[in-house]
Structure formats: structure tokens, C-alpha cells
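Here are the chains, one letter per residue:
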Amino acid sequence: MGAAQVPAYLPLLPEIVLGLGAMALLMLGAFRANIGVRVVDFAAIALLVITGAILLALPGGKLESFGGSFVVDDFARFLKILALIGSAASIAMSLDYAKQERQERFEYSVLVLLSTLGMLMLISAADLIALYLGLELMSLPLYVVAASHRDRLRSTEAGLKYFVLGALSSGMLLYGASLVYGFTGTVTFVGIAQAAVHGGVGLIFGLVFLFAGFCFKVSAVPFHMWTPDVYEGAPTPVTAFFAAAPKVAGIAMFVRAAVAAFPGITTEWQQIVVFVSIASMLLGAFAAIGQRNIKRLMAYSSIGHMGYALIGLAAGTAEGVQGILIYMAIYITMTLGVFAVILAMRRSTGMVESIDQLSGLARSHPTWAFLLAMLLFSMAGVPPLAGFFAKFYVFLAAIKAGLYILAVIGVLASVVGAYYYLAIIKIMYFDEAVEGFYAMPIALRVVLGVCGLFNILFFVYPGPLVGAASAAAHSLF
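Fair warning: this is a prediction, and the values are worked out from it, not measured in the lab.

A. Here's a closer look at helix 15 (residues 366–380). Under the 1.5 Å per step criterion, the end-to-end length of helix 15 is 21 Å for 15 residues, consistent within 8% with the ideal 21 Å. Taken as a whole, helix 15 has its buried residues at W368, A369, L371, L372, A373, M374, L375, L376, S378, M379 and A380. Buried residues along helix 15 sit in contact with helix 12 (294–315), helix 13 (318–343), helix 14 (361–364), helix 16 (386–400), helix 17 (404–430) and helix 18 (442–457). In the segment just after helix 15, G381 is the residue with positive phi, at about 85°.

Right, dumping it as C-alpha cells:
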């Protein structure tokens, strides 16, 4: 199906609204200091909802703008909605934390909006220049919010580490993009796909550097080194944001670039993705076992989950991409739900992050403990929870593509990973109870309830998500 004939600005309408709205809120916060941070926060959530509504109201089919360098297809729509959900939930989850920690700053919501704008741009990018612009627009606000707790050494250290390593990865990605441009003579994915049929050593070099930059953004091994330190050091709502929305944009960029720009040399990039996937799954499974800080544990868990998601890309088929999309949708709900509990781990002494502090949670807060246990079982891939189906679809795609060893390693890594999820459940249900936590704020209750119920009840009616993911995946091929 050809690209629909629409006004040039129409595919960009959600991004235009989000960008103008973010600027308006920035001006409002700067020049009307008495208006209150809460107003900006709620306006930011409303703006994300409006952006999502405009996105869903766009005409169907494939829309193009800027000579085909900006594409809105079903793949982009699906992932943009996920990114908007992740960002809106992250702002909602930060409201009470900011108040308790006396960190109420209107800039936080505005930076999240600008980063989300970069994500939307990145998800629709269909050439290397648009991709790089989206990537930098997404990343720069992230460096700032990681260091937003200025009085805390760990937060400023997290921001600095993320910035330095992020700059390095951007440089590698740019170098790869320039090599690809040099050997193909074009920056558009369609043009690269036509020129890349003949392959060549130079193009493979460019591809390797390009994929190195992508791996950094999704925190896949061997470019994962920033993740545990940044997750632990950044303020907890920022960590929740990092773990959800930017991962969606990173995976979208990885998949679109690989499938749309390099279909002629699939066997070459397949080897890279298989290696990265196996390394990420194994590191995520084994490195998390010794962690006592729950945010560091979530960092290794997220590295592992990106490994599973990349199994779908390694398959190189529409079914594989469908598996990735289902995986990312379920991954976001699992992650946000767990972080809702982490953000509620507060006592009179302040926030706690040690896993041992969850001791006996089932007796002091039975509902929290039950929902957290379900989310952890889901992360471990225990049927009939949503996490089982997430893994099932990517493993199925790998088996159909003949990648049996990759699927077997994935299943074994899941078994090892289940150990540390089950260890947390054991601490909550069987260890001696310690002092309980404060009551959970409303926003966190809503996020935990919605995410928990989605994961528990997903098997009852998985049709809509699976159908949407299938349509989105086929729009790429």
C-alpha cells in the first residue's frame, strides 16, 4: 500500500502539539512562579493524553512527511502510544515523591515532555538524520533528569556517567551512520536498502558501529555498563521513567533501522543481534542474583528483558517483530507496577531501597505484596500471567526462524532469572516482618492496580493486543 496523500504537516501533528505544549508549560513555570508545580505536572499528563488522542485520530495507513524521512505507520502508532503511556505514568508516579523529598520543580515534567517528543520523532524516523535528531532530543533531557537531585552525590554521579557514556555512544552511532552514508550514498532507509543488497566490508563496519549505538540506548550487553549505576543513583521516579519509555523508543529505532534499511544483509546483522541477545539474557540472569538494592536488581532485570525482546529481531520476520511489540507492551506494565511499589517503600526515616526491607510485607500490606508477587511472577515468565505470553511469542518466532539454540538459551536464562524474583517473594511472604511502610499515595495505587490486573487477567482476552501488534509488525514488511 502506498503512502496516503495528506497535508505535509499532518503526520507531525502529535509532535507539533506536544512540542508547543511543552514550550508553553516551560514559559508558564518560568514566568508564573506562583502557579505551583502541581498545575504544570497535571497539565503535562493532560498534554500527553491529548497527544495520544491526536495520534489515534490520524488517518489510517502509512503517512509520510519531509520526503519520506518521517513515517507514521501502524508500527509507529503502536510504539508511540506505549511511549506516551510510559511517560504519563512516570510523571503521575513522581508527584508524591517530589513533595516528600522537597524536590518539587516544574522543570521535571517539561523535561519528560521534551524527551518524549524525541522518542516520538525517533519512532517515526525513516532516515539516519531524522534518527539522530530524535535520539539526541530524547537523550539530552534524560541526562538532566538523572542528575536532578542536585544535593545528592549519587544522583549527580549518575547524571555525569550517563552523559559521558551517552556522548560516547552517540559518537559511535554517528560514525556508523557516516560510514553507511559513505558506502551507499544516501541517508534514507529505502535508499540504503536498495544500495545494501551488494553488501561490502565498509557497509558491515558502518552497521556494527550503528548497532553499538543502538545497544547502548536499550542497555544491551556489552554496552550496558551505565545501567546499574544510573538506575541506582537517579531519583526513583526518574529510574521508573528510564526503565519504561526510552526503552520503547530504543527498541523501535533498532527494529526499524534493521528491518527497513538492511533487509538485503539480514544474515550479517542477525549474527550481531543473536550475540547481543544471548549476552544480555545471561548477564541479566546471573548478575542480578547477588544484588541487595532493588533498583540495581531492576537494572539487571531490564538488561535481561531487552535480551529477550531482541530474540524477536534476531528472527528477522514479521512474527518476530510482532513478538517484540507484545513483549514491550507487557514489559512496560510489569516495570511500572514494580516501580510503583519501590516508590511506596517509605518510612519515617525516608525512602528505603534494600530488598531486605520488604521482609514480611505480606503481613503489613497484603494487597501490595500480592500484586508485587504477581508482577514478579510475570517477569519470571510464569504461566498464565502476561509475562509468560511475552516470552512465548518471541521464543515461537525464533523457533520458526530456525534459531533453536537462541530459544533454548532464552528458556534457560528465564529459569535462572526466576531465582531472584522468587527470592523477593520468599522475603515478602516467609521472613520476619519489619516495620511497615507509609500508606501508598493514590497515583501509585492506580498504577500498581492497573498494571497488576493487566498482568493477571491478560490471558482472558489477549486478542486486541496481539492483533494490534500483528498489524503493526506487518506494516514494516
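B. Seen up close, empty space enclosed by the protein. Overall, the coordinates contain 4 cavities of 30 Å³ or more when judged by the stated rule. Approximately 70 Å³ is the volume attributed to the largest cavity. Listing elements by their share of the lining of the largest cavity, those giving two or more residues are helix 11 (266–287), helix 12 and helix 17. When residues of the lining of the largest cavity are assigned to their parent elements, the largest contribution, 5 residues, is made by helix 17. When the residues that make up the lining of the largest cavity are grouped by side-chain class, the tally is 7 nonpolar, 6 polar and 1 charged. Put simply, the second largest cavity is a space of about 40 Å³. Surrounding the second largest cavity, L142, Y162, K217, W226, F242, P246 and K247 form its lining.

C. Quick peek at the packing of helix 6 (residues 153–184) against helix 8 (residues 201–217). The interhelical angle for the contact between helix 6 and helix 8, taken along N-to-C directions, is 155°, at an axis separation of 7 Å. Relative to helix 8, helix 6 is oriented roughly antiparallel. In this structure, helix 6 meets helix 8 at a crossing whose hand is left-handed. Within the contact of helix 6 with helix 8, the residues separate by chemical class into 17 nonpolar, 8 polar and 1 charged.

D. A look at the side chain of T186. You can see T186 is positioned in the loop between helix 6 and helix 7 (189–195). Looking at T186, the relative accessible area reads 18%, which means it is buried. Among the polar contacts made by the side chain of T186, one reaches the side chain of T188 at a distance of 3.2 Å.

E. Up close: the pattern of salt bridges. Scanning the model with the defined rule gives 13 salt bridges in all. Two residues, E64 and K62, come together in a salt bridge whose shortest N-O distance is 3.8 Å. In this structure, R256 engages D73 in a salt bridge whose closest nitrogen and oxygen atoms are separated by 3.1 Å. Residue R256 is found in helix 10 (residues 236–261), and its partner D73 is found in the loop between strand 2 (70–72) and helix 3 (74–100); the two are separated by 183 residues along the sequence. Among the residues examined, D73 registers a relative accessible area of 2% and is labelled buried. Residues joined in a network through salt bridges with shared partners are E157, K161, D229, E232 and R296.

What counts and how
Sequence order as written defines residue numbering, which begins from 1 separately in each chain. The predicted origin of the model limits local features to residues at a pLDDT of at least 70 and limits the giving and counting of side-chain atom pairs to 80 or more, whereas totals for whole chains, interfaces and linings rest on all residues. Only hydrogens and water are set aside; all other atoms, that is, all heavy atoms of the structure, feed into the side-chain values. In DSSP terms, a helix is any run of H or I states spanning at least four residues, a strand is any run of E spanning at least two, and both are numbered starting from the N terminus. The span one expects for a helix is its residue count, reduced by one, times 1.5 Å. Each residue is assigned to one of three classes by its accessible area relative to the maximum for its type, calculated with a 1.4 Å probe on protein chains only: buried under 20%, partly exposed between the two thresholds, exposed over 50%. Contacts: residue pairs with any heavy atoms within 4.5 Å of one another. Using only the protein atoms, space was sampled on a 1 Å grid; points where a 1.4 Å probe fits but cannot get out form cavities, open sets with protein on both sides within 12 Å along at least five of seven lines form pockets, and lining residues are those with an atom within 4 Å of a point. Grid points are joined across faces, edges and corners, and a volume is the space filled by probe spheres set on the points. Polar here means any residue other than Ala, Val, Leu, Ile, Met, Phe, Trp, Tyr, Cys and Pro, which are nonpolar, and Asp, Glu, Lys and Arg, which are charged; Gly is therefore polar. Lines fitted to the C-alpha atoms define the axes, with helices restricted to the stretch that makes contact. Angles between their N-to-C directions range from 0 to 180 degrees. In this scheme, roughly parallel covers angles under 35 degrees and roughly antiparallel covers those over 145, while 65 to 115 is roughly perpendicular and the rest are oblique. Each crossing gets its hand from how the near helix is turned against the far one by less than a right angle, where anticlockwise is left-handed and clockwise is right-handed. Polar contacts here mean pairs of N or O atoms no more than 3.5 Å apart (in protein, one a potential hydrogen donor and the other a potential acceptor; neighbouring residues in sequence count only if both atoms are side-chain atoms). Salt-bridge detection follows one rule: a side-chain nitrogen of Lys or Arg within 4 Å of a carboxyl oxygen of Asp or Glu.

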